[in-house]
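Architecture at a glance
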Amino acid sequence: MLFDEPYYIAINQARWAVAENILNQLRINQGLSFTTCIDIGCGPGWFSEKLVNWGVNVIGLEGRQELVEEASKRVTEAKFYQVDVESTPQMSQFAGADLVFCFGLIYHTENPFKVIRNLQLLTKKVLFIESMNVPLNEPVTYLVEEGKNETQGLTYHAMIPSRSCLLKMLQVSGFPYLYDYQGYVDHEDFWETETKHQRRRIFLASTVDLQVSDLVPSPEIVTPKYNFAKQ
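Overview of the structure. (Residues numbered from 1 in each chain as written. Predicted model: local features only at pLDDT ≥ 70, side-chain atom pairs only at ≥ 80, totals over all residues. Heavy atoms only, no water.)

1. What about the pattern of salt bridges?
Under the counting rule described, the total for this entry stands at eight salt bridges. In this structure, Arg15 and Glu130 form a salt bridge, with 3.1 Å as the shortest nitrogen-oxygen distance. With Arg15 in helix H1 (residues 6-29) and Glu130 in strand S5 (residues 123-132), this residue pair connects regions lying 115 residues apart in the sequence. Both residues of the pair, Arg15 and Glu130, belong to the buried class. Via salt bridges that share partners, Arg15, Glu130, Asp189, Arg199 and Arg200 belong to a single interconnected network. (Salt bridge = Lys/Arg side-chain N within 4 Å of Asp/Glu carboxyl O. Helix = DSSP H or I, 4+ residues; strand = E, 2+ residues; numbered from the N terminus. Buried < 20%, exposed > 50% of the residue type's maximum accessible area, 1.4 Å probe, protein only.)

Right, here's the structure in full:
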């Protein structure tokens, strides 16, 4: 399985190191309680297992039935379901959770705005989201054709949002508090270098005000009408 190859293990370890640190700060320093979690786009259950061990009751939602079956074998303490995350009727059948965890999914979907609205419906307290972002300042998405394997989207075509676009979608969907993680992540996909743009970012969207180191509140993103006049 591709998810078991070194690249995916390494990036998941780097992602979880950040996620666990932030979640511990929210639980210990800020006194937030988390008892339920929905792991969106859970794949074979790598993060679901970490979240179970962290101490929450986990439901995993995944688009591919074979991955649902694999996750059920690997993480017997959680429950897994096949769901199209772009479908509001399918997503709304689940009760909301204190924590919604969505790492490595948004940029694999055809309709990321719809997905984010569905995530907002399920989030009682905190949405933890990691995404690839195209390195453009404008709030735009970029249509890409993906490779055809189990790590890609269901249709193998996706819209990758820019950072400001993702934040604006979270803002419009109804989250009152948005945060951009600006701390260190131990993986090159999160680094800006002289030869390569930063590919990935981590965000939190919340129903409550958060005070966590390296979480920077996002200002309101303004998206004016496009000016079609020729310059």
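Still more ground to cover, so stick around.
2. Some remarks on the nonpolar core
Grouped together as the largest cluster of nonpolar side chains are 37 residues, with contacts concentrated most on Ile22, Leu26, Leu51, Phe101, Phe128 and Leu204. Of all the elements, H1 adds the most residues to this core, at eight residues. Every residue in contact with Ile22, bar those within four places of it in the chain, is listed here: Phe128, Tyr181, Leu204, Val212 and Leu215. Membership of the second largest hydrophobic core comes to 28 residues, among which are Ala97, Val100, Leu122 and Phe203. (Core = buried A, V, L, I, M, F, W, Y, C linked by side-chain atoms within 4.5 Å. Contact = heavy atoms within 4.5 Å.)

3. Describing the sheet that holds strand S2 (residues 57-62)
Backbone-to-backbone hydrogen bonds join strands into a sheet, with any given pair of strands oriented parallel or antiparallel. Strand order in this open sheet of eight strands is S3-S2-S1-S4-S5-S9-S8-S10, and the pairing throughout is mixed. If you trace the sheet from one side to the other, it starts and ends with strand S3 (79-82) and strand S10 (215-217), each paired once. Taken over all neighbouring pairs, the strand axes of this sheet differ in orientation by 20° on average, direction set aside. Here three bridges tie strand S8 (residues 177-181) to S10, and the two strands are oriented antiparallel to one another. Bridged to Asp180 within S10 is Val216. Its contacts with the sheet put H1 on strand S4 (97-103), S5, S8, strand S9 (200-206) and S10, and the angle it makes with S9 is roughly 30°. Here helix H6 (residues 163-173) sits on the sheet in contact with S5, S8 and S9, set at roughly 15° to S9. (Pairing = 2+ DSSP bridges. Axes fitted to C-alpha atoms, helices over the stretch in contact; angles between N-to-C directions.)

4. Quick look at the environment of Thr223
Residue placement: Thr223 occurs in the segment after S10. When the C-alpha atoms of Thr223 and Lys168 are compared, they prove to be 8.1 Å apart, with 55 residues separating the residues in sequence. Ignoring any residue separated from it by four or fewer positions in sequence, one finds Thr223 in contact with Pro139 and Lys168.

5. Let's talk about the packing of H1 against helix H2 (residues 46-54)
At their nearest, the axes of H1 and H2 sit 11 Å apart, and the two run at 30° to each other. For the element pair H1 / H2, the angle class is roughly parallel. Crossing geometry of H1 relative to H2 is assigned as right-handed. Along its contact with H1, which presents Ile9, Asn12, Gln13, Arg15, Trp16, Glu20, Leu23, Asn24 and Arg27, the element H2 presents Trp46, Phe47, Lys50, Leu51 and Trp54. (Parallel < 35°, antiparallel > 145°, perpendicular 65-115°, else oblique. Left-handed = near helix turned anticlockwise from the far one by under 90°.)

6. Section: the environment of Asp180
Here Asp180 shows up in strand S8. In sequence terms Asp180 and Pro217 are 37 residues apart; their C-alpha atoms lie 6.4 Å from each other. The contact partners of Asp180, leaving out residues within four places of it in the chain, are Arg163, Arg201, Ile202, Phe203, Asp214, Leu215 and Val216.

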